[in-house]
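# Summary of structural features
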Amino acid sequence: MRIMVELDWSRSTLEKIGGKFASGQDVEPEKGEIVARWHAPGSKKAWVVVDTPDSAALQDWLSAWTDFMDVSTHVVIDDDEIGSIPVSYT
């Protein structure tokens, strides 16, 4: 399952986030992998796509960051997956 994680933080937590990220602590979920990560230059926003078979492991990973930033998650599928879903136009 792929999850798009939206991250939003404040200027006051930026130093804590940078320090935690630079330390390598909790940078990736224990079960799963980061597929892609994007940052919006000049903003306090980032997006991460995580591929994981275990939503509890994803929650555990994200909980290590929620003291520093707001987190939103969305299940996402790619074009091939959505193209294979039958659509009814009735």
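Structure's up top.
Bear in mind that the values here come from a model prediction, so they are computed numbers and not experimental data. (Residues numbered from 1 in each chain as written. Predicted model: local features only at pLDDT ≥ 70, side-chain atom pairs only at ≥ 80, totals over all residues. Heavy atoms only, no water.)

### Some thoughts on the pattern of salt bridges
- Taken as a whole and judged by the stated rule, the model has 4 salt bridges.
- Note that Asp-8 and Lys-45 form a salt bridge whose closest N and O atoms lie 3.1 Å from each other. Of this pair, Asp-8 sits in strand 1 (residues 2–9) while Lys-45 sits in strand 3 (residues 45–51), and the two are 37 residues apart along the sequence.
- The salt bridge involving Asp-54 is made with Lys-31; its shortest N-O contact spans 3.3 Å. Residue Asp-54 is found in the loop between strand 3 and helix 2 (55–63), and its partner Lys-31 is found in the loop between helix 1 (14–23) and strand 2 (33–39); the two are separated by 23 residues along the sequence.
- The network of salt bridges with common partners includes Arg-2, Asp-78 and Glu-81. (Salt bridge = Lys/Arg side-chain N within 4 Å of Asp/Glu carboxyl O. Helix = DSSP H or I, 4+ residues; strand = E, 2+ residues; numbered from the N terminus.)

### Brief notes about the nonpolar core
- Residues Val-5, Leu-7, Val-48, Val-50 and Trp-61 are the most contacted members of the largest nonpolar core, which totals 14 residues.
- Secondary structure elements with two or more residues in this core: strand 1, strand 3 and helix 2.
- Residue contributions to this core peak at 4 residues, all from strand 1. (Core = buried A, V, L, I, M, F, W, Y, C linked by side-chain atoms within 4.5 Å. Buried < 20%, exposed > 50% of the residue type's maximum accessible area, 1.4 Å probe, protein only.)

No statement about biological role is implied by the geometric values presented.
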